[in-house]
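# Topology and contacts: notes
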Amino acid sequence: MKVPRSRKGDFDPTLVPKHQRHFDGFDDIIVSLYSRGLTTREIQDHLLEMYKVEVSPMLISNATDAVSEDLKLWQNRSLDSVYPIVYFDAIVVKIRHEGKVSNRAIYLALAVTMEGRKEVLGMWSSQNEGAKFWLGVVTELKNRGVSDILICCVDGLSGFVEAIEAVFPKAKVQLCIVHMVRNSLKFVGWKDKKEVAGELKGIYNAATSEAAKAQLECFRERYDERFPAIGKSWEAHWEQVIPFFDYPADIRKAIYTTNAIESLNSSFRKISRRRNLFPTTESLYKLFYLAIQNISKKWTLPIRDWTGALNRFTIEFGERMPNNNK
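As the structure is a computational prediction, the values presented were derived from the model and not from experiment.

## Observations concerning the overall build of the chain
- Counting its secondary structure elements, the chain contains 15 helices and five strands.
- A total of 326 residues make up the chain; the buried ones form 43% of that total.
- A fraction of 65% describes how many contacts in the chain between residues 6 or more apart in sequence connect residues 24 or more apart.
- Here the chain displays about 18300 Å² of accessible surface, and carbon together with sulfur accounts for 50% of that area.

This is the structure:
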């Protein structure tokens, strides 16, 4: 770049201002690439190919570190006072901790708001899942403004029921039907998944728990020889499944909505697949936080048939609904 001589030193370039080390918006490009799961090396290669610019790992690290403050504000933001449904889910990733590589579960709370929109309330990690850990999680939610949760959907999380009863004693805990179906289909080859999923749908779409039990018995007669683990799993968890049938159809349909959970998990798996190992828990949090920001941009509309579900929530939970306690 040829710069005119200026004996008085009063020349100011407009394209690249003095002392500027990189273009405006360059950090945003790096963060955008990072949020899609690209590694430091892949980001370097992409910038070199697209912009003919060589960047150092330090520059990439500094750009992504700026996300940490946003992450902290997001994790501690105020929440709504009442949530009709909250799903507690987990995804397992590999993290290097104290020089050792281990599997680490990252737990997320995904809520349905009173407006029927999806919202991730926060994420947490712990090596030891149990009542003490979950008591800390639900207490944090309460301290951030949550006064009541109507229905909690969980996947057999150890110690969760005791913790939720201690902090939100009126909340109803339900074994997540989405997780039950997902776990069942792990035992099925791809050719048979559609067929088996259809048969399982007959169980959780039954009108009553008695009808569902009859459907389960029919399922076991037909599939126990080929997929014995599925029927045994549903039998073993049946007492945690049947509260689902106490709710009217509109609420049951709202509980069983796979879009939010599956799209979130799919995004996490996609970006995690490119990174076989995370160097720190902080680096994983930054990546997942950015993924949440990307996917939540699509959550602009209420879940399907929410109006009917909200009416049923109002009837079933009466005084606990925000608009009914005046």
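## A closer look at the environment of Trp 134
- With respect to the helices and strands, the residue Trp 134 is situated in helix α5 (residues 131-143).
- You can call Trp 134 buried: its relative accessible area is 0%.

## Examining the packing of helix α9 (residues 209-223) against helix α10 (residues 228-236)
- For the pair α9 and α10, interaxial distance at closest approach is 9 Å and the crossing angle is 160 degrees. In terms of orientation, α9 and α10 fall into the roughly antiparallel class. Crossing hand, α9 versus α10: left-handed. Contacts from Lys 213, Leu 216, Phe 219, Arg 220 and Tyr 223 of α9 reach α10 at Pro 228, Ile 230, Gly 231, Lys 232, Trp 234 and Glu 235.
- When the residues that make up the contact of α9 with α10 are grouped by side-chain class, the tally is six nonpolar, one polar and four charged.

## Overview of the state of the cysteines
- The tally for this structure, following the rule as stated, stands at zero disulfides.
- Of the cysteine sulfurs around Cys 152, a residue in no disulfide, the closest is that of Cys 153, at 7.7 Å.
- With no disulfide partner, Cys 153 has as its closest neighbouring cysteine sulfur the one in Cys 176, 5.3 Å distant.

## Some remarks on the pairing of strand β2 (residues 100-112)
- Two elements, strand β1 (residues 82-97) and β2, share 13 bridges in a ladder whose sense is antiparallel. Its bridge partner being in β2, Lys 94 is matched across the sheet by Asn 103.
- Hairpin connection, β1 to β2: the antiparallel pair is bridged by two residues, and Glu 98 has positive phi, about 55 degrees.
- A loop of five residues connects β2 with strand β3 (residues 118-125), the two strands running antiparallel in sequence, and Gly 116 in this loop sits at a positive phi of about 85 degrees.

## Describing the nonpolar core
- In terms of nonpolar packing, the biggest core is built from 79 residues, with Met 123 and Trp 234 touching the most fellow members.
- Top element by residues in this core is helix α14 (residues 281-296). It accounts for nine residues.
- Filtering out sequence-adjacent residues up to four positions away, Trp 234 remains in contact with Met 180, Val 181, Ser 184, Leu 200, Ile 203, Leu 216 and Val 241.

## Looking at the pairing of β3
- For β3, the buried fraction is high: eight of the eight residues fall into the buried class.
- In terms of strand pairing, β2 meets β3 through seven bridges, oriented antiparallel. Each residue of the ladder has a partner; that of Tyr 107, found in β3, is Trp 124.

## Digging into unusual backbone geometry
- We note that Asp 305 has phi near 60 degrees; this positive angle belongs to a residue other than glycine.
- Within the secondary structure, Asp 305 is located in the loop between α14 and α15 (306-317).

## Remarks on empty space enclosed by the protein
- Taken as a whole and judged by the stated rule, the model has one cavity of 30 Å³ or more.
- In this structure, the largest cavity spans a volume of roughly 40 Å³.
- In this structure, the largest cavity is lined by Tyr 87, Asp 89, Leu 108, Leu 110, Ile 261, Leu 264, Asn 265 and Phe 268.
- When residues of the lining of the largest cavity are traced back to their parent elements, those giving at least two are β1, β2 and α13 (258-273).
- The biggest single contributor to the lining of the largest cavity is α13, with four residues.
- In terms of residue class, the lining of the largest cavity is made up of six nonpolar, one polar and one charged.

## Overview of the confidence of the model for the chain
- Averaged over every residue, the pLDDT of the chain is 85; the share at 70 or more is 90%.
- In the model of the chain, α13 stands out as the element of lowest mean pLDDT, 74, in contrast to α9, which has the highest, 95.

## Side note on α5
- In this model α5 runs 18 Å from its N-terminal to its C-terminal C-alpha over 13 residues, within 8% of the 18 Å that 1.5 Å per residue would give.
- Among all positions of α5, only Phe 133, Trp 134, Val 137, Val 138 and Leu 141 are buried. Projected onto a plane normal to the axis of α5, the buried residues spread over an arc of 125 degrees and lie on a single side. Structural note: α5 exposes Lys 132 and Asn 143 on the side pointing more than 90 degrees away from its buried face.

## What to know about the side chain of Ser 283
- Counting through the fold element by element, Ser 283 comes out in helix α14.
- On the basis of relative accessibility, which here comes to 10%, the residue Ser 283 falls in the buried class.

Conventions and cut-offs
- Residues numbered from 1 in each chain as written.
- Predicted model: local features only at pLDDT ≥ 70, side-chain atom pairs only at ≥ 80, totals over all residues.
- Heavy atoms only, no water.
- Helix = DSSP H or I, 4+ residues; strand = E, 2+ residues; numbered from the N terminus.
- Buried < 20%, exposed > 50% of the residue type's maximum accessible area, 1.4 Å probe, protein only.
- Contact = heavy atoms within 4.5 Å.
- Areas by Shrake-Rupley, 256 points an atom, 1.4 Å probe, with all protein chains shown as cover.
- Axes fitted to C-alpha atoms, helices over the stretch in contact; angles between N-to-C directions.
- Parallel < 35°, antiparallel > 145°, perpendicular 65-115°, else oblique.
- Left-handed = near helix turned anticlockwise from the far one by under 90°.
- Nonpolar A, V, L, I, M, F, W, Y, C, P; charged D, E, K, R; others polar.
- Disulfide = S-S within 2.5 Å.
- Pairing = 2+ DSSP bridges.
- Core = buried A, V, L, I, M, F, W, Y, C linked by side-chain atoms within 4.5 Å.
- 1 Å grid on protein atoms, 1.4 Å probe; cavity = no way out; pocket = protein on both sides within 12 Å on 5 of 7 lines; lining within 4 Å.
- Points joined across faces, edges and corners; volume = space filled by probe spheres on them.
- pLDDT = per-residue confidence, 0-100.
- Expected span 1.5 Å × (residues − 1).
- Arc of directions from axis to C-beta.

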